[in-house]
Amino acid sequence: MSATSKPQAQYLKDYQAPHFSIQHIDLRFELAPLKTVVHSTMTINRVDETGADLVLDGVDLTLISLHVDEQEYSDYTLEDEALIIHNLPANFILKIVNHIDPQTNTSLEGLYLSGGAYCTQCEAEGFRKITYYLDRPDVLASFDVTIIAEQKYTHLLSNGNQIDAGTLDDGRHFVKWQDPFKKPSYLFALVAGDFDVLRDQYTTKSGRNVELALFVDKGNLPKTPHAMTSLKKSMQWDEERFNLEYDLDIYMIVAVDFFNMGAMENKGLNIFNSKCVLANQETATDKDYHTIESIVGHEYFHNWTGNRVTCRDWFQLSLKEGLTVFRDQEFSSDLGSRALNRIDAVKVMRTHQFSEDAGPMAHPIRPEKVIEMNNFYTVTVYDKGAEVIRMMHTILGEEKFQQGMALYFQRHDGQAVTCDDFVAAMSDASEIDLQQFKRWYNQAGTPRLKVDQYFDHVNQTFTLTIEQFAPDNQPNNALLHIPFAIELLDPAGQSVPLTINNQMQDSVLNITEKQHTFVFENVIEPPVAVLLEDFSAPCIVNQTSSTADLLHIMRFARSDFSRWDAQQRLFTNEIKAAISSGNACLSPDIISALNVLITERAGDLALIAELLKLPSYDTIAAEYAVIPVDDIVSVMNAFELHIATDLSDSLIACYKALHDDGTTSAEAVAVRALKQVCLHYLAKTEQQDVNNFIDEAVASSNMTNVLAALSAVVKANHPRCDNLLNEFDAKWRHDVLVMDKWFALQAMKESATCIEDIKQLYDHPSFDFGNPNRVRALVGSFSHFNTTQFHRADGKGYQLLGDLLIKLNDINPQNASRMLTPFMAWKRYDHDRSQAIKAQLQRLASLENLSDDLFEKVEKALVG
Ligand code: B3K
Ligand code: ZN
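Residues numbered from 1 in each chain as written. Chains lettered and ligands numbered in written order. Predicted model: local features only at pLDDT ≥ 70, side-chain atom pairs only at ≥ 80, totals over all residues. Heavy atoms only, no water.

Let's talk about the environment of Val-458
Thought 1: Note that Val-458 resides in the loop between β25 (448–456) and β26 (461–469).
Thought 2: Using a relative accessible area of 74% as the deciding quantity, one classes Val-458 as exposed.
Thought 3: Sequence separation of Val-458 and Phe-728 is 270 residues, and the distance between their C-alpha atoms is 68 Å. (Helix = DSSP H or I, 4+ residues; strand = E, 2+ residues; numbered from the N terminus. Buried < 20%, exposed > 50% of the residue type's maximum accessible area, 1.4 Å probe, protein only.)

Quick look at the pattern of salt bridges
Thought 1: Applying the stated criterion across every chain yields a total of 62 salt bridges.
Thought 2: The residue Arg-672 makes a salt bridge to Asp-286 at a minimum N-O spacing of 2.7 Å. Taken together, the residues Arg-672 in helix α15 (residues 666–682) and Asp-286 in helix α2 (residues 286–301) connect sequence positions 386 residues apart. The pair formed by Arg-672 and Asp-286 is uniform in burial state, with each residue classed as buried.
Thought 3: Among the ionic pairs, Glu-623 bridges to Arg-569, the shortest N-O distance being 3.4 Å. Taken together, the residues Glu-623 in the loop between α12 (617–621) and α13 (629–646) and Arg-569 in helix α9 (residues 560–581) connect sequence positions 54 residues apart. (Salt bridge = Lys/Arg side-chain N within 4 Å of Asp/Glu carboxyl O.)

Things to note about the UniProt feature "domain: Peptidase M1 alanyl aminopeptidase C-terminal" (unreviewed entry) in the protein
Thought 1: As recorded in UniProt, the sites labelled "domain: Peptidase M1 alanyl aminopeptidase C-terminal" (unreviewed entry) are residues 548–862.
Thought 2: Each end of residues 548–862 is marked by a C-alpha atom, and these two atoms are 44 Å apart; helix forms 71% of the span and strand 0%. (UniProt positions renumbered as here; feature names shortened; annotations may be inferred.)

Some details on the site of ligand 1
Thought 1: Inspection of the region around ligand 1 gives 14 residues, with Glu-123, Glu-265, Glu-299, Asn-374 and Tyr-382 positioned closest.
Thought 2: Between ligand 1 and His-302 there is a distance of 3.2 Å, counted from an oxygen atom to a side-chain nitrogen or oxygen.
Thought 3: Interatomic distance of 2.9 Å between a side-chain N/O atom of Asn-374 and a nitrogen atom of ligand 1.
Thought 4: Notes on ligand 1: free accessible area 330 Å², of which the protein chains cover 95%.
Thought 5: Listed by contribution, the elements that provide at least two residues to the shell around ligand 1 are β20 (263–264), α2 and α3 (317–335).
Thought 6: Residues that form the shell around ligand 1 fall into these classes: five nonpolar, four polar and five charged. (Near = heavy atom within 4 Å. Polar contact = N/O pair within 3.5 Å; in protein donor to acceptor, adjacent residues only side chain to side chain. Areas by Shrake-Rupley, 256 points an atom, 1.4 Å probe, with all protein chains shown as cover. Nonpolar A, V, L, I, M, F, W, Y, C, P; charged D, E, K, R; others polar.)

Details of the coordination of the zinc ion (ligand 2)
Thought 1: Taken together, His-298 (NE2), His-302 (NE2), Glu-321 (OE) and Glu-321 (OE) make up the full set of protein donors to the zinc ion (ligand 2), lying 1.9 to 2.8 Å away.
Thought 2: Here the zinc ion (ligand 2) binds six donor atoms, and the angle range of 51 to 162° at the metal identifies the geometry as irregular.
Thought 3: Every donor residue of the zinc ion (ligand 2) comes from the same chain, spaced as H-x3-H-x18-E. Pair noted here: His-302 is in the loop between α2 and β22 (310–311) and Glu-321 is in helix α3, with a separation of 19 residues, a long-range link. (Donors = N, O, S within 2.8 Å, 3.2 Å for Na, K, Ca; no water. Tetrahedral: all angles 85-135°; square planar, octahedral: opposite > 155°, others 65-115°.)

Examining the UniProt feature "domain: Peptidase M1 alanyl aminopeptidase Ig-like fold" (unreviewed entry) in the protein
Thought 1: Here the UniProt-annotated "domain: Peptidase M1 alanyl aminopeptidase Ig-like fold" (unreviewed entry) positions come out as residues 445–543.
Thought 2: Between the C-alpha atoms that bound residues 445–543 there is a distance of 19 Å. The span itself is 0% helix and 47% strand.

Some details on the packing of aromatic side chains
Thought 1: For the structure on display, the rule yields 37 aromatic pairs.
Thought 2: An angle of 25° between the planes, with centres 4.1 Å apart, marks the rings of Tyr-655 and Phe-693 as stacked. Here Tyr-655 is found in helix α14 (residues 648–657), whereas its partner Phe-693 is found in helix α16 (residues 689–698), with 38 residues between them in sequence. Each member of the pair Tyr-655 and Phe-693 is classed as buried.
Thought 3: Note on Tyr-798 and Phe-823: the rings are 6.3 Å apart at their centroids and 75° apart in plane angle, and the pair reads as edge-to-face. (Phe/Tyr/Trp six-rings, centres within 6.5 Å; stacked < 30°, edge-to-face > 60°.)

What to know about the sheet that holds strand β2 (residues 20–30)
Through backbone hydrogen bonds, the strands of a sheet pair up, either in parallel or in antiparallel fashion.
Thought 1: The mixed open sheet is built from eight strands, whose spatial order is β6-β5-β9-β3-β2-β12-β15-β14. With one partner strand each, in any of the chains shown, β6 (71–72) and β14 (161–167) form the two edges of the open sheet.
Thought 2: Alignment of strand β5 (residues 62–68) against strand β9 (residues 91–100), held across six bridges, turns out to be antiparallel. In the sheet register, Val-68 faces β9, and the bridge partner there is Leu-94. (Pairing = 2+ DSSP bridges.)

Considerations on a negative patch on the surface
Thought 1: Among the surface-exposed residues, Asp-60, Glu-79, Asp-80 and Glu-81 lie close enough to one another that they form a single negatively charged patch.
Thought 2: With respect to the helices, strands and loops of the structure, Asp-80 is situated in the loop between β7 (76–78) and β8 (82–85). (Patch = residues over 30% accessible without salt bridge, like charges linked within 9 Å, V, L, I, M, F, W, Y side chains within 5 Å. Lys, Arg positive; Asp, Glu negative; His and termini not counted. Charge placed at Lys NZ, Arg CZ, Asp CG, Glu CD.)

Structural notes on the packing of α15 against α16
Thought 1: The interhelical angle for the contact between α15 and α16, taken along N-to-C directions, is 135°, at an axis separation of 10 Å. Accordingly, the angle class assigned to the pair α15 and α16 is oblique. For the pair α15 and α16, the crossing hand works out as left-handed. Residue-level contacts link Lys-675, Leu-679 and Leu-682 of α15 to Val-690, Phe-693, Ile-694, Glu-696 and Ala-697 of α16.
Thought 2: Classifying every residue of the contact of α15 with α16 gives six nonpolar, no polar and two charged. (Axes fitted to C-alpha atoms, helices over the stretch in contact; angles between N-to-C directions. Parallel < 35°, antiparallel > 145°, perpendicular 65-115°, else oblique. Left-handed = near helix turned anticlockwise from the far one by under 90°. Contact = heavy atoms within 4.5 Å.)

Remarks on helix α25 (residues 831–845)
Thought 1: Taking 1.5 Å per residue as the helical rise, α25 with its 15 residues ought to reach 21 Å, and the 20 Å between its terminal C-alpha atoms agrees with that figure.
Thought 2: Within α25, the full set of buried residues consists of Arg-833, Ser-834, Ile-837, Gln-840, Leu-841 and Leu-844. Taken down its axis, α25 places every buried residue within 120° of arc, on the same side. Among the exposed residues of α25, those pointing more than 90 degrees away from its buried face are His-831 and Asp-832.
Thought 3: Where the residues of α25 are buried, they touch α13, α23 (796–811) and α26 (852–863). (Expected span 1.5 Å × (residues − 1). Arc of directions from axis to C-beta.)

Details of the nonpolar core
Thought 1: Counting residues in hydrophobic clusters, the biggest one holds 290 residues, and the most contacted among them are Leu-54, Leu-94, Phe-188, Met-392, Phe-422, Phe-484 and Phe-520.
Thought 2: The greatest single-element share of this core, amounting to nine residues, is contributed by helix α5 (residues 379–396).
Thought 3: For Met-392, the residues in contact, after removing those within four places along its chain, are Gly-397, Phe-401, Phe-422, Val-423, Met-426, Leu-434, Phe-437 and Tyr-441. (Core = buried A, V, L, I, M, F, W, Y, C linked by side-chain atoms within 4.5 Å.)

Here's the deal with the pairing of β2
Thought 1: As judged from the 10 bridges shared by β2 and strand β3 (residues 36–46), these two strands associate in the antiparallel manner. The residue of β3 that forms the bridge with Phe-29 is Val-38.
Thought 2: Between β2 and β3, which pair antiparallel and follow one another directly, the connecting turn spans five residues.
Thought 3: Of the strand pairs in this sheet, β2 and strand β12 (residues 141–149) are connected by seven bridges, and their pairing is parallel. In the sheet register, Arg-28 faces β12, and the bridge partner there is Thr-146.

What about unusual backbone geometry?
The phi angle of most residues is negative, glycine excepted, and most peptide bonds adopt the trans form.
Thought 1: For the peptide bond that leads from Glu-123 to Ala-124, omega is 0°, which places it in the cis range.
Thought 2: Mapped onto the fold, Ala-124 is located in the loop between β11 (117–121) and β12.
Thought 3: Look at Asn-717: it is not a glycine, yet its phi comes out positive at around 50°.
Thought 4: Looking at where Asn-717 falls in the secondary structure, it is placed in the loop between α17 (703–715) and α18 (721–732).

Things to note about the packing of α23 against α25
Thought 1: Contact geometry of α23 with α25 gives a least axis separation of 10 Å together with a crossing angle of 15°. When the interaxial angle is binned, α23 and α25 end up roughly parallel. You can see that α23 and α25 cross each other, and the crossing is right-handed. Contacts from Tyr-798, Gln-799, Gly-802, Asp-803, Leu-805 and Ile-806 of α23 reach α25 at Arg-833, Ala-836, Ile-837, Gln-840, Arg-843 and Leu-844.
Thought 2: In terms of residue class, the contact of α23 with α25 is made up of six nonpolar, three polar and three charged.

Considering the sheet that holds strand β10 (residues 110–114)
Thought 1: The strand order across the open sheet built from four strands is β10-β11-β16-β13, with neighbouring strands paired in antiparallel fashion. If you trace the sheet from one side to the other, it starts and ends with β10 and β13 (155–158), each paired once. Direction aside, neighbouring strands of the sheet carry axes that sit 20° apart on average.
Thought 2: Two elements, β10 and β11, share five bridges in a ladder whose sense is antiparallel. Its bridge partner lying in β11, Tyr-112 is registered against Cys-119.

Observations concerning the side chain of Thr-351
Thought 1: The residue Thr-351 is located in helix α4 (residues 338–358) in this model.
Thought 2: Under the relative-accessibility criterion, Thr-351 is labelled buried at 12%.
Thought 3: A polar contact of 2.6 Å, which involves the side chain of Thr-351, links it to the backbone oxygen of Lys-347.
Thought 4: Not counting chain neighbours up to four residues away, the residues in contact with Thr-351 comprise Ser-616, Asp-618 and Thr-619.

Shown next, in the form of structure tokens:
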């Protein structure tokens, strides 16, 4: 923001259809680092009778010439971020030539240089940094793109199919691309570089051959097979589960090192952050493998949910993101463990989304007011958005949900639509009324549910009373339609059939009123109720379950997710009790339940690994209005030590009994996950065997094992920590993605010198403030996971982040804004800490050149 102008907000209620449509755009790029010439020729029509000026978006562009119907045209006004052209006819050809400067573009938005390669990022509003355009998602045009560059850029890529290529007289070469599908500007992409290529092909179920190509930096081919396999699995899964086929002759993925997020679904030419593509067993963990598969799937699934049917305006972002996250979650669950994927998704909701929804950035999944759109690619729009789709899936069932999807595509293929259009298709196809359900789209905050239970011995009935409450920060929210799934367990752990008025009931109860009472019949003995089974709605359930009930659920619930959920509740209750009593002692019943898990190892080992983990700091913090930082940390440390000490023999026996065959099979991944948890605890003990385990793990050629050992020694503050980290640095300095793991480990050291160490690491040859991966690995890990050092009483942790944000404000405002998030909850800390964070926010607020990205969040944090 400039000192004089306050950034302007946009409101959903002010949406107006564009006055012009752009039928076609022909783009010609002459690439050069400091001065790229962009020639744009657009076929434009008026679509109303208002006689309005044509207002094109443009940011950081140098206008060279403007022609209307081949005539030089001067009836325009050039503003800071707009080109306003007056007195235009009904139909015309507009030719614009402008210059841009990719080399100094460090925002990683528009056209920029990543390493030696040119690449683009246009979503949400980056196309306006390339040329003057109606840069909004409801303007759909066909694109022809010619790229001219020096020969050293061996690959010149854009959307669609290649239709021409050749060499110019001056020695440069060119390639021309044509995208047969009309698209909004945010899906435009261009890449030029010298890459290695992994090529493959896929035959769709209707027999079309699709060429697949994965472009990576030279030398990285050995790290590409997993992403390619993931792509083919995604294509097949979308055909089988959603009946959706790919529609172009070629699908390209390019991996680049400098990228603000995970990846981007540009039509036919996805651009990926290299960390979401490159993997082999030596350099990537099992978790990295899973993330890559899910992001490759996510971007592929956007081809239908996002590209073929896109958003009318950016307020509708969840139309494509919530739906596509739901689809990628289902993909991962169909291919892998449904329970583990559900656990991962719910962790994101409870740790990040609930806190966003309770804080100053709270917004509905369809926001109503936005200053900087990039600030709304949030866990709310994405993950709560996916939960909203999941609830519709729960209410409709798979068959009707798929009928709704089919109707949605039948009605809207090739259009830019709203979330209402999506819900209408679901409702019309299923004949289920979703009017009340739609409130999930415009109400922020996490609803609370109060559940009362009563068992009547005489009548053998069990009564559940469920009452819904608006979130504390959104007291005026209207009643929601909440699908509330339950299971009743008898004392032997068997599921009790649900009967009301002699009718068998579905396990999903529809809560639509303020309060509902359900009387279940033929319940012979007092049951234990599993509430909100599988997290059937993004709500907080207030319940006072006894330790015995939770242990019962943990043993017997049919849903593995709910077993884990009960275990988390058990730990949370114990931690809270220890904080209030000052006596950090875990109940013997829990210790023995953990012991049974470790010694019996019944069922999925990866699930057992999850059951053994304490909840995250954020999960516990969410339980408090004012977060008792020091107490949480000290009780959690004490509990971990207690588990490690009491169960060390079992942990050692378990570790020794587990055999890792070194493959990527689900079984091997599960073995490594369980070994990792064992080692995490054992590193806190003085057991003799631990050194051998560490030696064995760090010598492994499997990064999951290596990192398991390193993270265990870092978190245990083990005497071997520094030596092991130094050896790792020496071994991996040539590989920036592996070094990110090392930066993250450095940032998580609880040592008092951590902050000074981080400042020194800014000078490490692998570190680069301009690369979001590096910044997040080092400072993001510090602010999110190093609770004791980030929240130091002397405020130095906050100062470190504040200094970084000031620097990033100039380099990359989008990344700065993302990194700011830990400051948003400042009011939830004790007086000294909250004042210290506030002071950092005020420092930012006083910056003369504060970006819109930071302005929006800082203002919300400070002013509300
Ligand atoms: N649609 C992109 C995200 C764009 C973010 C812009 N700041 C990736 C995705 O969600 O698939
Ligand atoms: Zn997406």
